[in-house]
2 protein chains.
Amino acid sequence: MNFLEERIIRDGEIKPGNVLKVDGFLNHQMDVVLLERMGEEFKRRFIEKQIDKVLTVEASGIGIACMCARVLQVPMVFAKKSVSSNLGDDLYVSEVESYTHKTTNHVIVSKKLLHKGERILLIDDFLANGCAMYGLIDIVEQAGAEVVGIGIAIEKGFQKGGQDLRKNGYHLESLAIVESMNAETKEIIFRK
Amino acid sequence: MNFLEERIIRDGEIKPGNVLKVDGFLNHQMDVVLLERMGEEFKRRFIEKQIDKVLTVEASGIGIACMCARVLQVPMVFAKKSVSSNLGDDLYVSEVESYTHKTTNHVIVSKKLLHKGERILLIDDFLANGCAMYGLIDIVEQAGAEVVGIGIAIEKGFQKGGQDLRKNGYHLESLAIVESMNAETKEIIFRK
């Protein structure tokens, strides 16, 4: 087991409905030492990709993306989920279906922040069905930029997002892939 | 002028209605080198406060708070603005009036993440009327913890938030205080 898998075993909580709570160290409270180590691991795995920029979506991806961008020494952009009054009107917008909440959301990035030819690393805390990722990919493609890698903290390996993205040729690296989990026995199986 | 004021002059945009856009380096795209320098400056200003934890509110405060927490080597917690399905039900909740959008929002923190006696540094990107800050202060007080400092990137000195917080005895440090700005002449005056 790697450092993130060990931490999930120690501090994660399994809830009914295949919910894995990691809010004590990853997406509500953040252990910045852990986040930095994750950033270094993403750098190691994507070192040959010549990344220009890290892109994530608010809110829980921001901390990991920020620390990853710091290690890589590149800027980080986070996509917004709603149009605030001072975001301007020159925007890339993509629709995202949420399977969990049965709603349609948007991911939005100002056009001045993504440029043709830029090499983009996508970062997020969770990957399940991959809907948010396809929203970010769409925005990067609208900008004429290129997704050169996708870095995920925790992939739910029993949902289709990871398999789909790999099949579509994306270089996806997940630091922990949950193969299965059981809310009654509290057991988590990670993919080897 | 300090490093943040210089950056605001260089890359900030003044829009009608006292709107200062800093989305190219602070709250949409993030310059992580700048954020780290801000974290170091907050550490310098709050070094004697023996901070246990950094608290901010999603989404645009997260990057600054994360980098500040990294420099201080303490955990960071971000308050959520809505209750997601797996947040649990043991929550501190505070109502926040938004003067800008004429709405009532909430800031929400899981009870397991704030504890009696903890020394908390509040961090945010902007301070205007201070409503979001009073929401965070309320949550810290509900937990029996103590706000030992408030670190802000950009304070709108012509709005009442900063004056109020200082009058109420809080140790508030803003890296840039905008005294006035003019969308026509593009001039910004910072407080000395």
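Residues numbered from 1 in each chain as written. Chains lettered and ligands numbered in written order. Predicted model: local features only at pLDDT ≥ 70, side-chain atom pairs only at ≥ 80, totals over all residues. Heavy atoms only, no water.

Examining the relation of the copies chain A and chain B
What counts, and what does not: We superpose the copies by least squares over the C-alpha atoms of residues that have a pLDDT of at least 70 in both of them. Whether two residues touch is decided by their heavy atoms; if any such pair falls within 4.5 Å, the residues are in contact.
At an RMSD of 0.0 Å, chain A and chain B line up after a rotation of 180° and a shift of 0.0 Å along the axis. In symmetry terms, the pair is related by a two-fold rotation axis. Among all residues of chain A, the minimum C-alpha distance to the rotation axis is found for A:A59, at 2.7 Å. Most of the interface of chain A is mirrored in chain B, where 100% of its interface residues are also at the interface.

A closer look at the nonpolar core
Condition: Nonpolar cores are built from buried Ala, Val, Leu, Ile, Met, Phe, Trp, Tyr and Cys residues. Side-chain atoms within 4.5 Å join them into one set. Think of it in three bands: with a 1.4 Å probe and only protein chains considered, a residue is buried below 20% of the maximum accessible area for its type, exposed above 50%, and partly exposed in between.
Counting 81 residues, the largest nonpolar core has A:L4, A:L26, A:M38, B:L4, B:L26, B:M38 and B:I154 as its most contacted members. Setting aside residues no more than four positions away along its own chain, B:I154 makes contact with B:L4, B:I8, B:L20, B:V22, B:L26, B:D125, B:F126, B:L127, B:A176 and B:V178. Core analysis: the second largest hydrophobic core is formed by 26 residues, A:V109, A:V140, A:A145 and A:L172 among them.

Some words on the pairing of strand β5 (residues 76–79) of chain B
Put simply, the test is: Strands here are runs of E lasting at least two residues and helices are runs of H or I lasting at least four, both read from the DSSP assignment and numbered beginning at the N terminus. In this analysis, strands are considered paired if DSSP registers two or more bridges between them.
Neither face of β5(B) is left uncovered, since the one carrying B:M76 and B:F78 and the one carrying B:V77 and B:A79 both have all their residues buried. For strand β3 (residues 29–30) of chain A and β5(B), the ladder comprises 2 bridges, and the chain directions are antiparallel. Across the sheet, residue A:M30 finds its bridge partner in β5(B), namely B:M76. Pairing between strand β4 (residues 53–57) of chain B and β5(B): 4 bridges, direction parallel. Across the sheet, residue B:V54 finds its bridge partner in β5(B), namely B:M76.

Observations concerning the environment of A:V71
Residue and element names in this part refer to chain A. Tracing the backbone shows V71 in helix α3 (residues 62–72). Residue classification places V71 among the buried residues on the basis of a relative accessible area of 14%. Note: C-alpha distance between V71 and L91 (20 residues apart in sequence) is 28 Å. Those residues in contact with V71 that lie beyond four places of it in its chain are E36, G39, E40 and K43.

What to know about the packing of helix α2 (residues 32–46) of chain A against helix α3 (residues 62–72) of chain B
The description of two helices packed together rests on the angle between their axes and the distance between the axes. Counted only if it meets this: Lines fitted to the C-alpha atoms define the axes, with helices restricted to the stretch that makes contact. Angles between their N-to-C directions range from 0 to 180 degrees. Note on angle classes: values under 35 degrees are labelled roughly parallel, values over 145 roughly antiparallel, values of 65 to 115 roughly perpendicular, and the remainder oblique. Amino acids are sorted into nonpolar (Ala, Val, Leu, Ile, Met, Phe, Trp, Tyr, Cys and Pro), charged (Asp, Glu, Lys and Arg) and polar (every other residue, Gly among them).
Relative to each other, α2(A) and α3(B) sit at 105°, their axes nearing to 9 Å. As judged from the angle between their axes, α2(A) and α3(B) are roughly perpendicular. Where α2(A) abuts α3(B), its residues A:V32, A:L35 and A:E36 lie against B:C66, B:A69 and B:R70. Grouping the constituent residues of the contact of α2(A) with α3(B) by class yields 4 nonpolar, no polar and 2 charged.

Brief notes about the sheet that holds strand β4 (residues 53–57) of chain A
Pairing in this open sheet of 7 strands is mixed, and the strands run β11(A)-β10(A)-β9(A)-β8(A)-β4(A)-β5(A)-β3(B) from one edge to the other. Both edges of this open sheet fall to β11 (187–190) of chain A together with β3 (29–30) of chain B, since each of them pairs with a single strand only. Strands β9 (146–156), β10 (172–182) and β11 of chain A of the sheet are contacted by helix α1 (residues 3–11) of chain A, whose axis makes an angle of about 30° with β10(A).

Some words on the interface of chain A and chain B
How we decide: Accessible area that two parts lose when put together, evaluated with a 1.4 Å probe and summed over both, is termed the buried area. Each reported salt bridge corresponds to a side-chain nitrogen of Lys or Arg within 4 Å of a carboxyl oxygen of Asp or Glu. In the analysis that follows, any N or O atom pair within 3.5 Å is treated as a polar contact, provided that within protein one partner can donate a hydrogen and the other can accept it, and provided that, for residues neighboring in sequence, both atoms belong to side chains.
Each partner contributes residues to the interface: chain A has 41 residues there, and chain B has 41 residues. Contact with chain B buries area across many residues of chain A, yet A:H28, A:Q29 and A:R70 alone supply 21% of it, more than any other trio. Taken together, chain A and chain B are joined by 6 salt bridges. Across the pair A:E13 and B:K112 runs a salt bridge, and its minimum N-O distance is 2.8 Å. The interface formed by chain A and chain B holds 16 residue pairs in polar contact (both at pLDDT 80 or more) in total. Put simply, the parts of the chain that give the side of chain A that touches chain B at least two residues each are β2 (19–21), β3, α2, α3, β5 (76–79) and β7 (103–110) of chain A. With 6 residues, the top contributor of residues to the side of chain A that touches chain B is α3(A).

Overview of the pattern of salt bridges
All chains considered together, the criterion is met by 34 salt bridges over all chains. One salt bridge connects A:D23 with A:K21, and the closest N-O pair in it is separated by 3.6 Å. As far as the burial class goes, A:D23 and A:K21 line up, both buried. One salt bridge in this structure joins B:R70 and B:E36, with 2.8 Å as the shortest N-O distance. Within this pair, whereas B:R70 is found in helix α3, its partner B:E36 is found in helix α2 (residues 32–46), the two being separated by 34 residues in sequence. Taken individually, B:R70 and B:E36 each receive the classification buried, so the pair is uniform in this respect. Among the ionic contacts, a cluster of salt bridges with common partners joins A:E13, A:K15, A:K21, A:D23 and B:K112.

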